[in-house]
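# Understanding the architecture of this molecule
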Amino acid sequence: MKSRQIVLASRPHGLPSSENFRFEDRETDSLNDNEVLLKTWYISVDPYMRGRMNDVKSYAASFQIDQPIAGSVVAKVIESKSNSFIEGDTVFGMLPWATYCVEKAEKLRKVDIKSVPPEYYLGILGMPGITAYFGMTEIGKPKKSETVVVSGAAGAVGIVAGQIAKILGSYVVGITGSDEKCKLLKEQFGFDEAINYKTAKSMATAIATVCPKGVDVYFDNVGGEITDAVIANLNFHSRIVICGQISLYNSTEIPMGPRVFPQILTKSILAQGFIVSNYSEHFGEAFAYLAQWISEGKLKYAHTIIHGFDKLPDAFISLFSGKNQGKMLVETK
Ligand SMILES: NC(=O)c1ccc[n+]([C@@H]2O[C@H](COP(=O)([O-])OP(=O)(O)OC[C@H]3O[C@@H](n4cnc5c(N)ncnc54)[C@H](OP(=O)(O)O)[C@@H]3O)[C@@H](O)[C@H]2O)c1
């Protein structure tokens, strides 16, 4: 079977460009026992993949030059030599950015697309939704009527994190990068307030204005100056969920910020970083709660779906300029 794949052509310095990726046409490997031939359907582009483009040791292995980029994919089984899958099954896996591929059955999970759409397994019922669930319930732990601020609020993780805080009875403020996204958060996702960080004159003042009782939980997806401004508004015994630092992912030097530890010290703030895989033994619990809230209509989701395999590099790069509302995906058709 002829397949088109995308490999890492070079490592980016700063913001990635299309030149860091290369398209290649190749034949898929021949199919052996306990393997399936897959046709890629939806491909997830995620900010953490930027770290994998660097040659540094981290929790996720680096992509190798001239080797395919790989990430979360939903695919269709088109031929099977495995007892676990039949032609027509839909599966989830960590798969190469390729239109077709051969994979070992043991590395794939069958997904049910009758009760929820396939793209949910890459978003609200996938890694981003599960991240939001554990970050909010295990670290943030907002109590009823507490004030929760979420940065990167209109993205794949943030949009779920904010709604979970609402379900738990909190007052929720989202920070995001456009008036349109602020409107979306308030009108469709039940956030109490939203701040456009690109137009706010002073973020610290904007946060103080919409959080008159201060901030009890800060779910941080972005880091940098936005986070500095939230920290200035944190209450005694507040919690910071350090989920992501996207504003720094393309930095070539570590920027100097204000020293925040005095605030953390004097206000007895708890700040904890986490990687979703820390909770892998409990993913079933997160999945069950998220699915229940979706079925009860308490949790909604948004996707930005780009059509065409060839658009993958652009879709990935545009995460850093906020082109997405909710989960950014590429549909290969
Ligand atoms: N700890 C974990 O296990 C874990 C798991 C998943 C994700 N994460 C992290 O969580 C964060 C969100 O991930 P996601 O998948 O939900 O991505 P996402 O929010 O769907 O997409 C990225 C968003 O970040 C915002 N952004 C980009 N550059 C920014 C900057 N310089 N300053 C402020 N905002 C910026 C953009 O929205 P605006 O329009 O609002 O700027 C963009 O839409 C990322 O930092 C990611 O690495 C962590």
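This report concerns the structure included in the present document. (Residues numbered from 1 in each chain as written. Predicted model: local features only at pLDDT ≥ 70, side-chain atom pairs only at ≥ 80, totals over all residues. Heavy atoms only, no water.)

Quick look at the site of the ligand now. Looking at the ligand, there are 27 residues lining it, with Lys 181, Tyr 197, Tyr 249, Val 276 and Asn 324 nearest. With respect to the ligand, the side chain of Asn 324 contributes an N or O atom lying 2.5 Å from an oxygen atom. Surface burial for the ligand is 92%, taken as the share of its 910 Å² of free accessible area covered by protein chains. Residue composition of the shell around the ligand, grouped by class: 15 nonpolar, 11 polar and one charged. (Near = heavy atom within 4 Å. Polar contact = N/O pair within 3.5 Å; in protein donor to acceptor, adjacent residues only side chain to side chain. Areas by Shrake-Rupley, 256 points an atom, 1.4 Å probe, with all protein chains shown as cover. Nonpolar A, V, L, I, M, F, W, Y, C, P; charged D, E, K, R; others polar.)

For the rest of this paragraph, the subject is helix H6 (residues 224-231). Residues spaced three or four apart along an α-helix point in a common direction, a consequence of the helix completing one turn every 3.6 residues. Along H6, the residues classified as buried are Ile 226, Thr 227, Ala 229, Val 230 and Ile 231. The inward-facing, buried residues of H6 abut strand S8 (147-151), strand S9 (171-176), helix H5 (203-210), strand S11 (215-220), strand S12 (234-242) and helix H7 (261-266). (Buried < 20%, exposed > 50% of the residue type's maximum accessible area, 1.4 Å probe, protein only. Helix = DSSP H or I, 4+ residues; strand = E, 2+ residues; numbered from the N terminus. Contact = heavy atoms within 4.5 Å.)

Take the layout of surface pockets next. If you add up the space inside the second largest pocket, you get close to 680 Å³. For the second largest pocket, the lining is made up of 22 residues, of which Gly 224, Asp 228, Gln 245, Leu 248 and Pro 255 are closest to its centre. Among the secondary structure elements, those contributing two or more residues to the lining of the second largest pocket are H6, S12 and H7. Residue classes in the lining of the second largest pocket are distributed as 12 nonpolar, five polar and five charged. (1 Å grid on protein atoms, 1.4 Å probe; cavity = no way out; pocket = protein on both sides within 12 Å on 5 of 7 lines; lining within 4 Å. Points joined across faces, edges and corners; volume = space filled by probe spheres on them.)

Membership of the largest hydrophobic core comes to 49 residues, with the highest contact counts inside it found for Ile 124, Met 136, Ile 159, Val 160, Ile 164 and Leu 290. Only strand S3 (35-44), helix H2 (127-140), S8, helix H3 (158-167), helix H4 (179-188), S11 and helix H8 (283-295) provide two or more residues apiece to this core. Per-element accounting of this core gives the leading share, six residues, to H2. Leave out the neighbours within four places in its chain, and Ile 159 touches Ala 153, Ala 154, Leu 184, Leu 185, Phe 189, Phe 191, Tyr 301 and Ala 302. (Core = buried A, V, L, I, M, F, W, Y, C linked by side-chain atoms within 4.5 Å.)

Let us now look at the pattern of salt bridges. One pass over the structure, following the stated rule, counts 15 salt bridges. Across the pair Asp 25 and Arg 4 runs a salt bridge, and its minimum N-O distance is 3.2 Å. Of this pair, Asp 25 sits in strand S2 (residues 21-27) while Arg 4 sits in strand S1 (residues 2-8), and the two are 21 residues apart along the sequence. Residue classification places Arg 4 among the partly exposed positions, given a relative accessible area of 27%. Across the salt bridge formed by Glu 146 and Arg 239, the nearest N and O atoms sit 2.7 Å from each other. You can see Glu 146 sitting in the loop between H2 and S8 and its partner Arg 239 sitting in strand S12, a full 93 residues away along the chain. Overall, Glu 146 belongs to the buried group, its relative accessible area being 12%. Exposure remark for Arg 239: the relative accessible area of 10% places this residue in the buried category. What emerges from the salt-bridge pattern is a single network uniting Arg 4, Asp 25 and Asp 310. (Salt bridge = Lys/Arg side-chain N within 4 Å of Asp/Glu carboxyl O.)

For the rest of this paragraph, the subject is the sheet that holds strand S13 (residues 270-273). Strand order in the open sheet formed by six strands is S10-S9-S8-S11-S12-S13, with parallel pairing between adjacent strands. At either margin of the open sheet sits one strand with a lone partner, and together these are strand S10 (193-196) and S13. With strand direction ignored, the average angle separating the axes of adjacent strands in the sheet is 15 degrees. Inspection of the sheet shows S12 paired to S13 by four bridges, in the parallel sense. If you follow Ile 242 over to S13, its bridge partner there is Gly 273. (Pairing = 2+ DSSP bridges. Axes fitted to C-alpha atoms, helices over the stretch in contact; angles between N-to-C directions.)

Taking 1.5 Å per residue as the helical rise, H2 with its 14 residues ought to reach 20 Å, and the 18 Å between its terminal C-alpha atoms agrees with that figure. Of all 14 residues in H2, 12 are buried, a share of seventy percent or more. Listed as buried for H2 are Pro 128, Gly 129, Ile 130, Thr 131, Ala 132, Tyr 133, Phe 134, Gly 135, Met 136, Thr 137, Ile 139 and Gly 140. Directly beyond the C-terminal end of H2, a positive phi value near 45 degrees is found at Lys 141. (Expected span 1.5 Å × (residues − 1).)

Attention now goes to the packing of H5 against H6. Working note: a packed helix pair is described by the angle between its axes plus the distance between those axes. In contact at an axis separation of 8 Å, H5 and H6 are set at 45 degrees when each is read in the N-to-C sense. In terms of axis orientation, H5 runs oblique to H6. Seen from above, H5 lies across H6 with right-handed handedness. From H5, Met 203, Ala 204 and Ile 207 reach across to H6, where they touch Ile 226, Ala 229 and Val 230. Its residues assigned to classes, the contact of H5 with H6 comprises six nonpolar, no polar and no charged. (Parallel < 35°, antiparallel > 145°, perpendicular 65-115°, else oblique. Left-handed = near helix turned anticlockwise from the far one by under 90°.)

Here we take up the packing of aromatic side chains. As enumerated under the stated definition, the model contains 13 aromatic pairs in all. On the numbers, 6.3 Å between centres and 75 degrees between planes, the contact of Phe 21 with Phe 316 is edge-to-face. Here Phe 21, found in strand S2, pairs with Phe 316, found in helix H9 (residues 312-317); they are 295 residues apart in sequence, far enough to count as distant. The pair Phe 21 / Phe 316 is uniform in exposure class, with both members buried. Ring centres of Phe 134 and Tyr 279 lie 4.6 Å apart, and the angle between their planes is 0 degrees; this geometry places the pair in the stacked category. In this pair, Phe 134 is assigned in helix H2 and Tyr 279 in the loop between S13 and H8, connecting sequence segments 145 residues apart. A network of ring pairs unites the aromatic residues Tyr 133, Phe 134, Phe 274, Tyr 279, Phe 283, Tyr 289 and Trp 293 as a single cluster. (Phe/Tyr/Trp six-rings, centres within 6.5 Å; stacked < 30°, edge-to-face > 60°.)

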